[in-house]
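The residues making up each chain are set out below.
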Amino acid sequence: MLALAMLASAIVVAFAVVSLSAHVRALTEDVAALTREVIAIGEDVRSLADDVATLTDALTEEDGDASEDETCPSDVTAPPPSDI
């Protein structure tokens, strides 16, 4: 009887180890997938930052030359702030 109980316990432990191993493997795959997603998001953010920097440079580019019929951005003075 004791041998049968030990055999049953060994089977239960073996099943638990196999089950735990499968769960750990699935968790590892989930973490790897999450890591890939975070890396992809980081690359998208980096690309967006580059695009914003390029756009900012294009919008703030000053050549310092003003023809007779246009005003150079450096020649424009901002109005004084009004007291509210």
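Visitor: Even after reading the chapter, I still don't get the overall build of the protein, so can you show me in this structure?
Guide: Within the protein, the regular secondary structure consists of one helix and zero strands. The buried share of the protein, taken over its 84 residues, is 1%. Of the accessible surface of the protein, which amounts to about 7,800 Å², a share of 65% is contributed by carbon and sulfur atoms.

Visitor: I tried to follow a nonpolar patch on the surface on my own but got confused; where do I start?
Guide: Nonpolar side chains collect at one region of the surface, where Met-1, Leu-4, Leu-7 and Ile-11 lie side by side and expose about 500 Å² of accessible area between them. Note that Leu-4 resides in helix H1 (residues 2-60). The exposure class of Leu-4 is exposed, given its relative accessible area of 56%.

Visitor: Whenever I open this one, H1 confuses me. Can you help?
Guide: Note on helix geometry: an α-helix contains 3.6 residues per turn, so any two residues three or four positions apart are oriented the same way. The end-to-end C-alpha distance of H1, which contains 59 residues, comes to 85 Å, matching closely the 87 Å that a straight helix rising 1.5 Å per residue would cover. Summarising burial for H1: zero of the 59 residues are buried, a small minority.

Rules used in this analysis
- Residues numbered from 1 in each chain as written.
- Predicted model: local features only at pLDDT ≥ 70, side-chain atom pairs only at ≥ 80, totals over all residues.
- Heavy atoms only, no water.
- Helix = DSSP H or I, 4+ residues; strand = E, 2+ residues; numbered from the N terminus.
- Buried < 20%, exposed > 50% of the residue type's maximum accessible area, 1.4 Å probe, protein only.
- Areas by Shrake-Rupley, 256 points an atom, 1.4 Å probe, with all protein chains shown as cover.
- Patch = residues over 30% accessible without salt bridge, like charges linked within 9 Å, V, L, I, M, F, W, Y side chains within 5 Å.
- Salt bridge = Lys/Arg side-chain N within 4 Å of Asp/Glu carboxyl O.
- Expected span 1.5 Å × (residues − 1).

Read these as spatial facts, not as claims about activity.
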